[in-house]
Amino acid sequence: GAVVSQHPSRVICKSGTSVKIECRSLDFQATTMFWYRQFPKKSLMLMATSNEGSKATYEQGVEKDKFLINHASLTLSTLTVTSAHPEDSSFYICSARDQLQETQYFGPGTRLLVL
Amino acid sequence: DQQVKQNSPSLSVQEGRISILNCDYTNSMFDYFLWYKKYPAEGPTFLISISSIKDKNEDGRFTVFLNKSAKHLSLHIVPSQPGDSAVYFCAASSQGGSEKLVFGKGMKLTVNP
């Protein structure tokens, strides 16, 4: 199946710093990528939809100035958590939609811990 | 408002038996449905999907059934294996899958040896 990678897999940072997470589709082109956050014992919550070459579309309640998304190419999207706080600690997962199959493939996730 | 519901939080079955995971949805605009499997601290893995023009799709040990009138779908795993133990998410989309996915809360499946 299609492969999506995320980097880093785990990051620990101090409160107030910014963290960048990369999401790459390795063997297919993805005009659309999605960023999710998983809360403990809850489902995946969509944060934003990222379209290559255009601004991301954020879900209600997600601060676009705090969670910066860039989708510069058909294989790369980045999520930057700016001025991170402990409450931002979570598991962030990206997915990329295969243009041809209309199926989303997920990355392995990034565990963020803000101290 | 939960548009995709997985009402049972967990299921335990014996190895070799059938596992049936259920999912209900409320939005009649949904026309594409997917099942994902997720291990702790990993991203979801795509298992199988079904379009609303079908009522059944089969892939190896996995079969998804769709009952549009009841707005219900189910995932059957036969035979169940211990490696199938994971959390399973049902997801739905509209416009043939081109819209964003809406996930259920997930269901933990445990397959006992």
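Before reading further, recall that the structure is shown in the block above.
No experiment lies behind these values; they were computed from the predicted model shown. (Residues numbered from 1 in each chain as written. Chains lettered and ligands numbered in written order. Predicted model: local features only at pLDDT ≥ 70, side-chain atom pairs only at ≥ 80, totals over all residues. Heavy atoms only, no water.)

1. Observations regarding the environment of Asn-27 of chain B
No. 1: Checked against the element boundaries, Asn-27 of chain B lands in the loop between β3 (19–25) and β4 (30–38).
No. 2: Only 2.8 Å separates the side chain of Asn-27 of chain B from the side chain of Gln-3 of chain B, close enough to count as a polar contact. (Helix = DSSP H or I, 4+ residues; strand = E, 2+ residues; numbered from the N terminus. Polar contact = N/O pair within 3.5 Å; in protein donor to acceptor, adjacent residues only side chain to side chain.)

2. Brief notes about the state of the cysteines
No. 1: In this structure the tally under the stated criterion is two disulfides over all chains.
No. 2: In this model, Cys-23 of chain A is linked to Cys-94 of chain A through a disulfide, with the two sulfur atoms separated by 2.0 Å. Residues Cys-23 of chain A and Cys-94 of chain A share a disulfide whose torsion about the S-S bond is about 75°; that sign makes it right-handed. Of this pair, Cys-23 of chain A sits in strand β3 (residues 19–25) while Cys-94 of chain A sits in strand β9 (residues 90–97); the two residues are 71 residues apart in sequence, bridging distant segments of the chain. In this pair, the class of Cys-23 of chain A matches that of Cys-94 of chain A, namely buried.
No. 3: For Cys-23 of chain B, the disulfide goes to Cys-90 of chain B, at an S-S distance of 2.0 Å. Handedness of the Cys-23 of chain B-Cys-90 of chain B disulfide follows from its S-S torsion of about -75°: it is left-handed. In this pair, Cys-23 of chain B is assigned in strand β3 and Cys-90 of chain B in strand β9 (residues 86–94), connecting sequence segments 67 residues apart. Accessibility classification places Cys-23 of chain B together with Cys-90 of chain B in one group, the buried group.
No. 4: Cys-13 of chain A carries a free sulfur, and the closest cysteine sulfur to it, the one in Cys-94 of chain A, is 18 Å from it. (Disulfide = S-S within 2.5 Å. Buried < 20%, exposed > 50% of the residue type's maximum accessible area, 1.4 Å probe, protein only.)

3. Looking at the pairing of strand β11 (residues 110–114) of chain A
All names here are of chain A.
No. 1: Taking every second residue as pointing to the same face, the buried face of β11 carries Thr-110, Leu-112 and Val-114, while none of Arg-111 and Leu-113 on the other face is buried.
No. 2: Sheet topology note: the strand β2 (residues 10–13)/β11 ladder contains four bridges and is parallel. Paired with Arg-10 across the bridge in β11 is Arg-111.
No. 3: Direction of pairing for β9 relative to β11: antiparallel, over a ladder of three bridges. Residue pairing across strands places Phe-91 opposite Arg-111, the latter belonging to β11. (Pairing = 2+ DSSP bridges.)

4. Observations concerning the interface of chain A and chain B
No. 1: Between chain A and chain B, the contact holds 19 residues from the first and 19 residues from the second.
No. 2: Both faces considered, chain A and chain B share a buried interface measuring about 1400 Å² in area, 57% of it formed by carbon and sulfur atoms.
No. 3: Taken together, the links from chain A to chain B amount to zero salt bridges.
No. 4: One can count two residue pairs in polar contact (both at pLDDT 80 or more) joining chain A with chain B. (Contact = heavy atoms within 4.5 Å. Buried area = accessible area lost by both parts, 1.4 Å probe. Salt bridge = Lys/Arg side-chain N within 4 Å of Asp/Glu carboxyl O.)

5. Quick word on the sheet that holds β3 of chain B
Two strands in a sheet stick together by hydrogen bonds in their backbones, pointing the same way (parallel) or opposite ways (antiparallel).
No. 1: Strand order in the open sheet formed by five strands is β1-β3-β8-β7-β6 (chain B), with antiparallel pairing between adjacent strands. The sheet is open, and its two edges are formed by β1 (4–5) and β6 (56–59) of chain B, each paired on a single side.

6. Section: the environment of Gln-14 of chain B
No. 1: Checked against the element boundaries, Gln-14 of chain B lands in strand β2 (residues 10–14).
No. 2: For Gln-14 of chain B, a relative accessible area of 41% translates into the label partly exposed.

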